[in-house]
Amino acid sequence: MTAVSPTRDSASRYRMEPTVWQALRSPRLLTREVLAGLVVALALIPEAIAFSIIAGVDPRVGLFSSFIMAVVIAFLGGRPAMITAATGAVALVIAPVVREHGMQYFIATVILAGMIQLVLAGLGVAKLMRFIPRSVMVGFVNALAILIFSAQVPQLLGVPWAVYPLTAIGLAIVFLFPRLTKVVPAPLVAIVVLTAAVVLLGVAVPNVGDQGALPDSLPALFIPDVPLTLETLGIIGPYALAMALVGLMESLMTAKLVDDITDTHSRKTREAFGQGGANIVSGLFGGMGGCAMIGQTMINVKASGARTRISTFLAGVFLLILVLVLGDVVAIIPMAALVAVMIFVSVATFDWHSIRPSTLRRMPKSETAVMLITVVATVWTHNLAIGVVLGVIAAMVMFARRVAHFVTVTRSVSDDGAEARYTVDGELFFASSNDLTTQFDYAADPGRVVIDMSRSHIWDASTVAALDAVITKYAAHGTAVEITGLNETAAAFRDRLTGGLGGEH
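Only a predicted model underlies this, so the values are computations on that prediction, with no experimental measurement involved.

Calculation criteria
- Every residue gets a number counted from 1 within its own chain, in the order that chain's sequence is written.
- Two thresholds apply to this predicted model, a pLDDT of at least 70 for residue-level local features and 80 or more for giving and counting side-chain atom pairs, whereas whole-chain, interface and lining totals are computed over all residues.
- Excluded from the side-chain calculations are hydrogens and water; all other atoms, namely the structure's heavy atoms, are used.
- Take the buried residues of types Ala, Val, Leu, Ile, Met, Phe, Trp, Tyr and Cys, join any two whose side-chain atoms come within 4.5 Å, and each joined set is a nonpolar core.
- Residue burial is assigned from relative accessible area. The probe radius is 1.4 Å, only protein chains are included, and a residue is buried under 20% of its type maximum, exposed over 50%, and partly exposed in between.
- What counts as a helix is a DSSP run of H or I of at least four residues, what counts as a strand is a run of E of at least two, and both are numbered from the N terminus.
- Ring geometry is summarised as follows: Phe, Tyr and Trp rings, the Trp one being its six-membered ring, pair when their centres sit within 6.5 Å, and such pairs are stacked at plane angles under 30 degrees, edge-to-face over 60 and tilted between the two.
- Strand pairing is assigned whenever DSSP detects at least two bridges linking the two strands.
- To get an axis, fit a line to the C-alpha atoms, keeping to the stretch in contact for a helix; angles then go from 0 to 180 degrees between the N-to-C directions.
- Roughly parallel refers to an angle under 35 degrees, roughly antiparallel to one over 145, roughly perpendicular to one between 65 and 115, and oblique to any angle outside these ranges.
- If you view the pair so one helix is near and one far, a crossing is left-handed when the near helix is turned anticlockwise from the far one by less than a right angle, and right-handed when it is turned clockwise.
- Residue contacts follow a heavy-atom distance rule, with two residues in contact if any of their heavy atoms lie within 4.5 Å.
- Under the grouping applied here, Gly and all other residues not named as nonpolar or charged are polar, the nonpolar ones being Ala, Val, Leu, Ile, Met, Phe, Trp, Tyr, Cys and Pro and the charged ones Asp, Glu, Lys and Arg.
- Each residue after the first adds 1.5 Å to the expected span of a helix.
- Should a side-chain nitrogen of Lys or Arg be within 4 Å of a carboxyl oxygen of Asp or Glu, the pair is scored as a salt bridge.

Undergrad: Lay out the nonpolar core in plain terms, naming residues and giving numbers.
TA: Grouped together as the largest cluster of nonpolar side chains are 120 residues, with contacts concentrated most on Ile45, Leu63, Phe106, Phe140, Met288, Ile299 and Leu319. Here the element with the most residues in this core is helix H2 (residues 27-55); it accounts for 13 residues.

Undergrad: Please set out the packing of aromatic side chains residue by residue, giving values where relevant.
TA: Aromatic ring pairs are defined here through the distance separating the ring centres and the angle between the ring planes. This structure, assessed with the given rule, holds eight aromatic pairs. For the ring pair Phe75 and Phe313, a centre distance of 5.8 Å and an interplane angle of 90° mean the geometry is edge-to-face. Pair noted here: Phe75 is in helix H3 (residues 59-76) and Phe313 is in helix H12 (residues 309-324), with a separation of 238 residues, a long-range link. Of the residues examined, Phe313 reaches a relative accessible area of 24% and is grouped as partly exposed. Taking 4.6 Å as the distance between ring centres and 55° as the angle between the ring planes, the aromatic pair formed by Tyr422 and Phe440 counts as tilted.

Undergrad: Go over the sheet that holds strand E5 (residues 408-413) with me, naming the residues and quoting the values.
TA: Pairing within the open sheet is mixed, and its four strands lie in the order E5-E6-E7-E8. Taken across any chain shown, the strands that pair with only one partner, and hence form the sheet edges, are E5 and strand E8 (480-484). Between one strand axis and the next, the sheet turns through 20° on average, direction left out of account. Here E5 runs beside strand E6 (residues 419-428); their pairing, made up of six bridges, is antiparallel. If you follow Ser412 over to E6, its bridge partner there is Arg421.

Undergrad: Now, about the packing of helix H4 (residues 88-101) against helix H9 (residues 230-262): what can you tell me, with residues and values included?
TA: Contact pair H4 / H9: the axes reach a minimum separation of 8 Å and the direction vectors enclose 165°. Considered as vectors, H4 and H9 are oriented roughly antiparallel to each other. The chirality of how H4 crosses H9 is left-handed. Facing Ala89, Val90, Val93, Ile94, Pro96, Val97, Glu100 and His101 of H4, the residues of H9 in contact are Ile235, Tyr239, Ala242, Met243, Val246 and Glu250. Looking at side-chain class alone, the contact of H4 with H9 contains eleven nonpolar, one polar and two charged residues.

Undergrad: Explain the environment of Ile373 to me, and be specific about the residues and the numbers.
TA: Within the element layout of this structure, Ile373 appears in helix H16 (residues 365-381). On a C-alpha basis, the gap between Ile373 and Leu390 in space is 7.3 Å, while along the polypeptide they are 17 residues apart. Apart from residues lying up to four places away in sequence, Ile373 is in contact with Leu390, Ala394 and Met398.

Undergrad: Break down helix H8 (residues 186-201) for me, with residues and values.
TA: Helix length check: H8, at 16 residues, gives a terminal C-alpha distance of 22 Å against a target of 22 Å (1.5 Å per residue), a fit within 8%. Turning to H8, its buried residues are Ala186, Pro187, Leu188, Val189, Ala190, Ile191, Leu194, Thr195 and Val198. Those residues of H8 that are buried lie in contact with H2, helix H7 (163-176), helix H11 (294-303) and helix H14 (335-349). Looking one or two residues beyond H8, the residue adopting positive phi is Gly202, at roughly 65°.

Undergrad: Go over the pattern of salt bridges, please, and point to the residues and values.
TA: One side chain can pair with another of opposite charge once the charged atoms of both are near each other. Counted according to the given criterion, the structure contains nine salt bridges. The salt bridge partner of Lys268 is Asp259, with a shortest N-O separation of 2.6 Å. This pair shows no difference in class: Lys268 is buried, exactly as Asp259 is. Arg448 serves as the salt-bridge partner of Glu482, at 2.4 Å between the closest nitrogen and oxygen. In this pair, Glu482 is assigned in strand E8 and Arg448 in strand E7 (residues 448-458), connecting sequence segments 34 residues apart. Overlapping salt bridges, with partners in common, bring together Arg79, Asp259 and Lys268 in one network.

Undergrad: So what's going on with the packing of H11 against H14? Which residues, and what values?
TA: For the pair H11 and H14, the least separation of the axes is 10 Å and the interaxial angle reads 75°. Judged by the angle between their axes, H11 and H14 are roughly perpendicular. On H14, the residues touching Gly295, Gln296, Met298, Ile299, Lys302 and Ala303 of H11 are Val341, Met342, Phe344, Val345, Ala348 and Thr349. For the contact of H11 with H14, the class distribution of residues is eight nonpolar, three polar and one charged.

Undergrad: Can you tell me about the side chain of Thr463, naming the residues and giving the values?
TA: Among the structural elements, Thr463 can be located in helix H19 (residues 461-476). The exposure class of Thr463 is buried, given its relative accessible area of 0%. Among residues more than four places away in sequence, those in contact with Thr463 are Leu428, Phe429, Ser433 and Ile458.

Undergrad: Could you give me a rundown of helix H17 (residues 384-404), with the residues and numbers involved?
TA: Taking 1.5 Å of rise per residue, the 21 residues of H17 would be expected to cover 30 Å, and the 30 Å separating its terminal C-alpha atoms lies within 8% of that figure. Along H17, the residues that are buried comprise Leu384, Ala385, Gly387, Val388, Gly391, Val392, Ala394, Ala395, Ala400, Val403 and Ala404. Here the buried face of H17 lies against helix H6 (134-152), H9, H11, H16 and helix H18 (430-433).

Undergrad: Which residues make up the pairing of E6, and what are the values?
TA: Hairpin remark: E5 followed by E6, antiparallel, with five residues in the connecting loop; positive phi at Gly417, about 75°. Strand direction decides the pairing type here: E6 and E7, joined by nine bridges, are parallel. Counted as the bridge partner of Gly426 is Ser456 from E7.

Undergrad: Report on unusual backbone geometry, specifying residues and quantitative values.
TA: With a phi angle near 75°, Ala81 is a residue other than glycine that sits in the positive phi range. Here Asp263, not a glycine, exhibits a phi torsion of approximately 55°, which is positive. Within the secondary structure, Asp263 is located in the loop between H9 and helix H10 (268-284).

Structure, rendered in structure tokens:
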């Protein structure tokens, strides 16, 4: 396992994260990584079971998948300290497969999704992250926090009264304990203290064991028995593609979030390859696949302070040990402890600065609207990928509308009245060039017109078509038009397309 992630700090110099080797040589760093992995493993158990239920498979499938993916991604991934395991988003996407076609097709779908992710990684899909604006990222984070919190609400409804004081005590521990020391992660302290209290006081409250059966044996190699035909591909292909896209989007967004929190840089393309590899291995051992887990990653990075692949690797190892060797102990952990930890994570994740009145007053309304669209779409659909896509589309539309009004056309006439000159100022593309034809006085202009493009640039075929339409309209009035000032790139682009777009009217 290697963990070298250079980043630029405020002084524009590269700073290095702790490497695995450095952590292994430092008792302080190693202790932090080990304890962080243990906390994450404990929090993974009920979620993996819950996601298995969503997918319609045995809880063992989700638990084994989480173990395998965490271990594999620790070696193959591009974002140190990020947690990958079975997730709700992936479970929702592929649940219809097991319901309609059975487990064999379900596993085949997971393996195919991993293969598609490898192809997408090779095509450079990770580079598309640069097109996700900050307002979408803020909406993504805030929606994530809301979803994490809302997922805990069912654990607080229709439960014994003792759950509420236990949850309150857990919240007090996770928020206040770091003021005393950060050597031991506060979430681990809360889990240990509340479990001990429940056992010693004999309080009957919902626990991990109530969520589903824990496995008692190691995962075995599983080769899906499905016919290798186009019919099979037609069945699993759409679900595999959806799973691959959702998984990559959530994973790359999570990696970017961790980059921002730790002020470091991750290798997104390697992460995309790692996600594909982890899903393939998960499927080959009968797992349900998954992607980066944002909530667990926040526990690992933000609550526990982990920074290397050791914590990710140990989260998977501890998960397996806990469910196989210490299953009876893990089963008695009260859900109130895990609820308290996840509520803390949701509060810590939410970008409170983004909703301050002072921030909202300064921020352009379009930016705030994009953030709100991302939040509402994500919370409404319970799908982070859908929220991000809609947020990006909204940002594109609003950007295009804003830029479309930045183009100006100024007219001047020579002293002898023989020539009219139009100076175009601004970037010309489909949104800004649509009204270009209305900016000229075709009937009143003299016999020669010069259109000066030295302060503008042609970006697409729509602009070339608009210029052709202008020339055609002048030609109808017997006016000669000369276009000047185009840079070499824009001139070559126009020469290649002009006259061949069929829209000169």
